[in-house]
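Here is what each chain is made of, one letter per residue.
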Amino acid sequence: MEFPTVISITEDVLDLDALLAQVTLDSTGAAAVFTGMVRKVTARGEAHETLYLEYEAYQPMAEAKMRQVADEIRSRWPAVEGIGIVQRVGRLHPQTPTVLIACTAAHRDTGVFEAARYGIDRLKEIVPVWKKEVSPQGEFWVEGDYIPKPGE
Amino acid sequence: MEFPTVISITEDVLDLDALLAQVTLDSTGAAAVFTGMVRKVTARGEAHETLYLEYEAYQPMAEAKMRQVADEIRSRWPAVEGIGIVQRVGRLHPQTPTVLIACTAAHRDTGVFEAARYGIDRLKEIVPVWKKEVSPQGEFWVEGDYIPKPGE
Amino acid sequence: MNRIQILLFATLRDTLGTRRLQLDLPAEATVAGLKDLLVATYPQLSPSRNSIMVAVNQEYAGDDSPIPSGAEIALFPPVSGG
Amino acid sequence: MNRIQILLFATLRDTLGTRRLQLDLPAEATVAGLKDLLVATYPQLSPSRNSIMVAVNQEYAGDDSPIPSGAEIALFPPVSGG
């Protein structure tokens, strides 16, 4: 049986229940899911308020890199069954989910939590998506601090 | 501001997106969620097939213990903002989500993954809920192996 | 004597064929005393005596825990939710 | 000469005011050569030269990476999705 890998970049509202159903097999008993949301109020670092974020993606490369993240998860946690990675793009307001990482397995002690954590960490390192922060003080592009190696 | 704690025992279909919205604040940027599902096919231990599970709860005590699990999470991971714990009861068929644990925080490196993992581990130790496994070979009550201390 | 209501769950409910029992306990009874009386009254509980969990007023109780008058008692096997 | 299409994202698109560029590169050009030509042509890119990421055919490239004829090139800042 082939394990499902669901990759998507979408402007639509994220649907966690639907994604979960897509990565649930007859042998699945556990799922760990990560969701990121737009924070209205940020206290860490330079405290600020956010009106909305504007996400954009280099879509074909982003999809390829999301698939690479899924492959990396499978090589590290072979017990993982289904993997779903969905990035929402467009204008996203506070409290809105922006990204979903779902990893399923037969049991919860198989690495699903670590796999979901790894998935969001890697997505933020290598998947070409950017967000522009729009605040009452103006707008600026957020830049990450990870520089992928050639071919990474 | 009071952090939300959502506790529920329900016969209804679980709605992860709705639960997540209930535990998302203006300061929330990350959520880790655990979901358990009914496995149709179990390979670990004595391999077997499941037609359905029948869940029941000692409802008032179960709700009190779910609240205790949330309190324990907050004392261990003070950065956790919202906590949602929902147990579905009744007859549940393969691939159906049976339980949700959602923990939110401002950032993902604050313990949300560990908090969700702790939440499901503790729920399976101290929350008075039981499942009867119905298989083609017959039916039997599943019994856990954790014995809570008095007052735990 | 202290007449108490006992709620039964899962295996124990199936074994005794009822969701509720009434038992008359001595005034100063403990959980151990309750278990003794139960097993004496319902010998079919004897094999599972050591794995029976007892909650008194919705809190886990030990063998030494007292059973206050009018307490809500629940008997059940080790939990298996999630 | 090798006429290539360049896609621009995020800050770089805003800085140059366009989503696409065309540039004529020497046949054996590398990513470093492309960056040199870009900065010479668009001096406003000079401050961000070292943080510009270059993807060649949808794969991260280093300064030494060659730029094949007809390659799809994309320029962007370090990613910030999620």
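Our structure's up above, just so we're on the same page.
Visitor: Just give me the short version of the overall build of chain A, but keep the residues and values in it.
Guide: The helix and strand inventory of chain A stands at three helices and ten strands. Reading the secondary structure of chain A in the N-to-C direction produces β-α-β-β-β-β-α-β-β-β-α-β-β. Radius of gyration (C-alpha) of chain A: 16 Å, near the 15 Å computed for a compact globule of 152 residues. For chain A, the spread of C-alpha atoms along the principal axes amounts to about 50 × 35 × 25 Å. By residue count, 59% of the 152 residues in chain A fall in the buried class. Contacts in chain A between residues at least 24 apart in sequence constitute 72% of all its contacts with a sequence separation of at least 6. Total accessible area on chain A is roughly 6200 Å²; 49% of this is exposed by carbon and sulfur atoms. A distance of 3 Å separates the average location of the 16 positive side-chain charges in chain A from that of its 23 negative side-chain charges.

Visitor: Explain the arrangement of the chains residue by residue, including any values.
Guide: When the three pairs of chains in contact are ranked by number of contacts, first place goes to chains A and B. Separated in space, chain B and chain D share no contact, their closest pair of C-alpha atoms being 10 Å apart. Nothing in chain C touches chain D, and the closest approach of their C-alpha atoms is 29 Å.

Visitor: Now, about the pattern of salt bridges: what can you tell me, with residues and values included?
Guide: Applying the stated criterion to the full structure yields 32 salt bridges over all chains. For Lys 65 of chain A, the salt bridge identified is with Glu 59 of chain D, shortest N-O distance 2.7 Å. One end of the pair, Lys 65 of chain A, is in helix α2 (residues 59-76); the other, Glu 59 of chain D, is in strand β4 (residues 59-60), on a second chain. The salt bridge partner of Arg 122 of chain A is Glu 152 of chain A, with a shortest N-O separation of 2.8 Å. Taken together, the residues Arg 122 of chain A in helix α3 (residues 112-126) and Glu 152 of chain A in the segment after β10 (138-141) connect sequence positions 30 residues apart. In this structure Glu 152 of chain A comes out as buried when scored by relative accessible area, which is 11%. Sharing partners across several salt bridges, the network here consists of Glu 72, Arg 122, Glu 125, Lys 149 and Glu 152 of chain A.

Visitor: Pulling in residues and values, what's your account of helix α2 (residues 59-76) of chain B?
Guide: The terminal C-alpha atoms of α2 of chain B lie 26 Å apart, and with 18 residues this matches the ideal 26 Å at 1.5 Å per residue to within 8%. All of the buried residues along α2 of chain B are Met 61, Ala 62, Lys 65, Met 66, Gln 68, Val 69, Ala 70, Glu 72, Ile 73 and Arg 74 of chain B.

Visitor: Can you break down the interface of chain A and chain D residue by residue, with the values?
Guide: In this assembly, 31 residues from chain A lie in contact with 23 residues from chain D. By the criterion of area lost to chain D, the three top residues of chain A are Tyr 58, Trp 130 and Trp 141 of chain A, representing 29% of everything that side buries. The interface formed by chain A and chain D includes two salt bridges. On the surface where chain A and chain D come into contact, there are 18 residue pairs in polar contact (both at pLDDT 80 or more). The set of elements that each furnish at least two residues to the side of chain A that touches chain D consists of β5 (52-57), α2, β8 (97-105), α3 and β9 (129-135) of chain A. With five residues, α3 of chain A is the largest single contributor of residues to the side of chain A that touches chain D.

Visitor: Can you explain the environment of Ile 83 of chain B? Please cite residues and give values.
Guide: Residue and element names in this part refer to chain B. Among the structural elements, Ile 83 can be located in strand β6 (residues 83-88). Along the chain, Ile 83 and Pro 148 lie 65 residues apart, while their C-alpha atoms are 23 Å from each other. In contact with Ile 83, not counting residues within four places along its chain, are Pro 4, Thr 5, Val 6, Val 23, Ala 70, Ile 73, Arg 74 and Ala 102.

Visitor: Explain the interface of chain B and chain A to me, and be specific about the residues and the numbers.
Guide: If you look at the interface, chain B gives 37 residues, while chain A gives 37 residues. Both sides of the chain B and chain A interface together cover about 3500 Å² of buried area, and 53% of this is carbon and sulfur. The largest per-residue losses of area from chain B upon contact with chain A belong to Asp 26, Arg 108 and Phe 113 of chain B, which jointly make up 20% of the total buried on that side. Counting across the chain B and chain A interface gives six salt bridges. Here Arg 44 of chain A and Asp 109 of chain B are joined by a salt bridge, their closest N and O atoms 2.8 Å apart. Connecting chain B to chain A are 20 residue pairs in polar contact (both at pLDDT 80 or more). Secondary structure elements with two or more residues in the side of chain B that touches chain A: α1 (16-22), β2 (30-37) and α3 (112-126) of chain B. The element best represented in the side of chain B that touches chain A is β2 of chain B, accounting for eight residues. Among the residues forming the side of chain B that touches chain A, the class breakdown is 16 nonpolar, ten polar and eleven charged. Sheet topology note: the strand β2 (residues 30-37) of chain A/β2 of chain B ladder contains seven bridges and is antiparallel. The residue of β2 of chain B that forms the bridge with Gly 36 of chain A is Ala 30 of chain B.

How each quantity is defined
Numbering of residues begins from 1 in every chain and follows the order in which that chain's sequence is written. Chains and ligands are labelled by the order in which they are written, letters from A for the one and numbers from 1 for the other. With pLDDT at 70 or above as the cut-off, local features in this predicted model cover only qualifying residues; side-chain atom pairs require 80 or more to be listed or tallied, and sums for whole chains, interfaces and linings still use all residues. The basis for every side-chain value is the complete set of heavy atoms in the structure, and neither hydrogens nor water enter the calculation. Put simply, DSSP H or I for four residues or longer makes a helix, DSSP E for two residues or longer makes a strand, and each gets a number counted from the N terminus. Only C-alpha atoms enter the radius of gyration; for comparison, a globular chain is expected to reach 2.2 Å times N to the power 0.38, where N is the number of residues. Under the scheme applied here, a residue whose accessible area is under 20% of the maximum for its type counts as buried, over 50% as exposed, and between as partly exposed, the area being computed with a 1.4 Å probe on protein chains only. Contacts: residue pairs with any heavy atoms within 4.5 Å of one another. With residues, only the protein chains shown are counted as cover, and all accessible areas are computed by Shrake-Rupley using a 1.4 Å probe. Here Asp and Glu are counted as negative and Lys and Arg as positive; His is not counted, and neither are the chain ends. Positions of charges follow a simple convention, taking NZ of Lys, CZ of Arg, CG of Asp or CD of Glu. For this document, the term salt bridge refers to a Lys or Arg side-chain nitrogen within 4 Å of an Asp or Glu carboxyl oxygen. Given a helix with a known number of residues, its expected span is that number minus one, times 1.5 Å. The term buried area means the drop in 1.4 Å probe accessible area that two parts suffer when joined, counted for both and summed. Think of a polar contact as two N or O atoms within 3.5 Å of one another; within protein, one of them needs to be a possible hydrogen donor and the other a possible acceptor, and neighboring residues in sequence only count if both atoms come from side chains. Residue polarity follows a fixed list, in which Ala, Val, Leu, Ile, Met, Phe, Trp, Tyr, Cys and Pro are nonpolar, Asp, Glu, Lys and Arg are charged, and the others, Gly among them, are polar. Strand pairing is defined by DSSP finding a minimum of two bridges between the two strands.

Interpretation note: all reported values are geometric properties and have no functional meaning in isolation.
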